[in-house]
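Architecture and fold: a report
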Amino acid sequence: MKRQLILAIFSVMLVFSMVAAGCAPKAPAELPEVLTLATMPPGMIVNAQGVGIADICTKYTPITIKVMPATNEMVWTPMILTGEVDIGVASSLPIRQAYLGSFVFEGIAQKAGVKSFPFRLIGGGSPLRVNFVVRGDDPAKTIADLKGRRVVSFKEGTHFDLYTKARLATVGLTLDDVIQVPAANPVESCRAVMEGRADAGDLAVGAPVATEAVAKVNARWLPVDSSPEAVSKLKEFCETAYVDTVPGGIFVGVPEPQTLMHMDVVFIAREDVSDAAVYELTKAIWENNAELLEKPGLFEWTQDKFLTTEPRLPYHPGAIKFYKKTGIWTKDMEDFQKAVLAEKP
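Below is a summary of the structure that appears in this document.

A few words on the packing of aromatic side chains. Here the structure, examined in full by the defined rule, presents 12 aromatic pairs. Seen from their ring centres, Y279 and F322 are 5.6 Å apart, and the 75° between their planes marks the pair as edge-to-face. One end of the pair, Y279, is in helix α10 (residues 275-287); the other, F322, is in helix α12 (residues 317-326), and 43 residues separate them in sequence. The pair Y279 / F322 is uniform in exposure class, with both members buried. Seen in terms of ring centroids, Y315 and Y323 are 6.0 Å apart; in terms of plane orientation they differ by 85°. Their pairing is edge-to-face. For Y315, a relative accessible area of 0% corresponds to the buried category. Three or more aromatic residues joined by ring pairs make a cluster, and in this case those are Y279, W286, F306, Y315, F322, Y323 and W329. Lying across the ring of F132, R167 places its NZ or CZ 4.2 Å from the centre.

Structure (structure tokens):
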């Protein structure tokens with residue numbers, strides 16, 4: 001009896017000592033304690049989305065999500081192979097190209113000794129609406145009006161470069177038809193417009209820096225032609241891009257409905273991140289979707305967008321397991337999964 005009493009007292013003391021030492025509950029053995037999420041630099045909407053998703057997943061799973069901002073997907077994609085990056089929030093175009101080992105990722109993959117990169121979808125998200133932005137008092141009303149003007153350009157081979165070329169192509173223009181003002185990313189691009197160094201630059205509707213641009217120079221976006229011919233030219237540069245109407249009054253700087261270029265943002269994982277971990281991440285953003293939608297830049301990340309066949313990327317088995325449990329994984333999705341897996345080189 002005395003021995004049992006001593007053991008009980010010792011157990012209580014051990015618990016109190018752990019609490020006093022600030023010991024947090026550890027993740028189960030099959031789950032990693034930490035996952036690194038790669039995203040874009042601060043000030044860009046994709047960064048805000050990545051931070052919000054990380055917050056929800058950290059709060060509602062035993063896994064701590066560490067956010068790693070990077071200049072662009074080309075910088076952090078090779079880190080998928082080294083294990084420095086586990087998951088990411090990114091534009092669909094570079095992830096689709098990385099999955100296929102195409103465009104600039106062909107050379108990146110060759111240097112890494114692989115044919116392509118092992119990305120898997122966790123879920124689809126909201127559209128990324130990167131378009132030409134101008135000052136409110138600028139005379140340009142359409143993209144065609146930018147001919148001969150100062151337009152921000154990006155390093156050849158980057159996806160920002162593709163986005164710019166794609167929109168110019170919708171009106172039959174190229175970079176040779178404008179005066180190029182170099183910038184590293186859309187945040188720098190927007191600042192060039194605000195500071196009067198450029199007449200037009202790239203900026204995503206809804207980006208944190210957009211609020212500043214509208215407040216300072218009454219920034220607005222130029223519409224994109226939605227005709228089949230224009231969209232065809234757009235897709236020659238950006239396979240996953242499409243043109244859609246943005247409702248007026250929802251985003252700062254878009255008071256009236258406007259047709260703009262769209263490209264979906266996706267939540268992805270490395271292929272070998274455990275099924276159990278991805279299941280937990282998927283469950284977290286699904287079951288706490290109302291709270292997710294309240295995060296900056298994430299109000300459009302509704303559950304109905306999680307399953308998508310555009311872009312063409314295969315889902316992670318852990319995500320599929322969760323979607324099957326909820327009853328939304330269909331035979332059509334299973335057929336899609338098989339077809340897109342067969343596309344991988």
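Throughout the structure, instances matching the rule amount to 0 disulfides. C238 supplies the cysteine sulfur nearest to C190, a cysteine that is in no disulfide, at a spacing of 20 Å.

Attention now moves to unusual backbone geometry. Cis geometry is adopted by the peptide bond preceding P311, which originates at E310 and carries an omega value of 10°. Looking at the element boundaries, P311 is found in the loop between α11 (289-293) and α12.

Under the definition given, this model contains 1 cavity of 30 Å³ or more. Computed from the structure, the largest cavity encloses a volume of approximately 130 Å³. What lines the largest cavity is a set of 19 residues, among which M40, M44, L128, V130 and F160 lie closest to the centre. Secondary-structure elements contributing two or more residues to the lining of the largest cavity are α2 (45-60), α6 (159-169), α7 (186-194) and β8 (200-204). No other element matches α6, which puts 3 residues into the lining of the largest cavity. Residue composition of the lining of the largest cavity, by class: 14 nonpolar, 4 polar and 1 charged.

With that settled, the discussion passes to the packing of α2 against α10. It is at 9 Å that the axes of α2 and α10 come closest, and there the two elements cross at 105°. Overall, the two elements α2 and α10 adopt an arrangement that is roughly perpendicular. Side by side, α2 and α10 meet where I53, I56, C57 and Y60 of the first sit next to L281, A284 and I285 of the second. Its residues assigned to classes, the contact of α2 with α10 shows 7 nonpolar, no polar and no charged.

It is worth spelling out the pairing of strand β4 (residues 119-128) at this point. Burial within β4 is extensive, with 10 of its 10 residues counted as buried. As paired elements, β4 and strand β11 (residues 258-270) share 7 bridges and run antiparallel to each other. Within the sheet, the bridge partner assigned to G123 lies in β11 and is F267.

The next subject is the pattern of salt bridges. Counting across every chain of the model gives 20 salt bridges. Salt-bridge contacts for D199 lead to R150; the nearest nitrogen and oxygen are separated by 2.9 Å. In this pair, D199 sits in the loop between α7 and β8 while R150 sits in strand β6 (residues 150-153), placing the two residues 49 residues apart along the sequence. Judged by its relative accessible area of 12%, D199 falls in the buried class. Between R312 and E343 there is a salt bridge, with the nearest N and O atoms lying 2.6 Å from each other. Taken as a pair, R312 in the loop between α11 and α12 and E343 in the segment after α13 (331-342) lie far apart in primary sequence, 31 residues in all. Assessed through its relative accessible area of 29%, E343 is described here as partly exposed. Through salt bridges with shared partners, one network takes in R96, E239, R312 and E343.

What follows is about the environment of A319. With respect to the element layout, A319 can be found in helix α12. C-alpha separation for the pair A319 and K283, spaced 36 residues apart in sequence, amounts to 8.3 Å.

Because the α-helix completes a turn every 3.6 residues, residues three or four places apart line up on one side. Its 16 residues place the ends of α2 23 Å apart at the C-alpha level, agreeing with the 22 Å of an ideal helix rising 1.5 Å per residue. By the burial criterion, the buried members of α2 are I45, V46, N47, A48, Q49, G50, G52, I53, A54, I56 and C57.

As a further point, take helix α8 (residues 208-217). Residues of α8 that are buried: V209, A210, A213, V214 and V217. Relative to the axis of α8, the buried residues are bounded by an arc of 140° and lie together on one face. Seen from the open side of α8, the exposed residues pointing more than 90 degrees away from its buried face are A215 and K216. Elements that come into contact with the buried residues of α8 comprise α7, β8 and β9 (220-221). One or two residues past the end of α8 sits N218, with phi positive at roughly 55°.

The rules behind each value
Residues numbered from 1 in each chain as written. Predicted model: local features only at pLDDT ≥ 70, side-chain atom pairs only at ≥ 80, totals over all residues. Heavy atoms only, no water. Phe/Tyr/Trp six-rings, centres within 6.5 Å; stacked < 30°, edge-to-face > 60°. Helix = DSSP H or I, 4+ residues; strand = E, 2+ residues; numbered from the N terminus. Buried < 20%, exposed > 50% of the residue type's maximum accessible area, 1.4 Å probe, protein only. Lys NZ or Arg CZ within 6 Å of the ring centre and 35° of its normal. Disulfide = S-S within 2.5 Å. 1 Å grid on protein atoms, 1.4 Å probe; cavity = no way out; pocket = protein on both sides within 12 Å on 5 of 7 lines; lining within 4 Å. Points joined across faces, edges and corners; volume = space filled by probe spheres on them. Nonpolar A, V, L, I, M, F, W, Y, C, P; charged D, E, K, R; others polar. Axes fitted to C-alpha atoms, helices over the stretch in contact; angles between N-to-C directions. Parallel < 35°, antiparallel > 145°, perpendicular 65-115°, else oblique. Contact = heavy atoms within 4.5 Å. Pairing = 2+ DSSP bridges. Salt bridge = Lys/Arg side-chain N within 4 Å of Asp/Glu carboxyl O. Expected span 1.5 Å × (residues − 1). Arc of directions from axis to C-beta.

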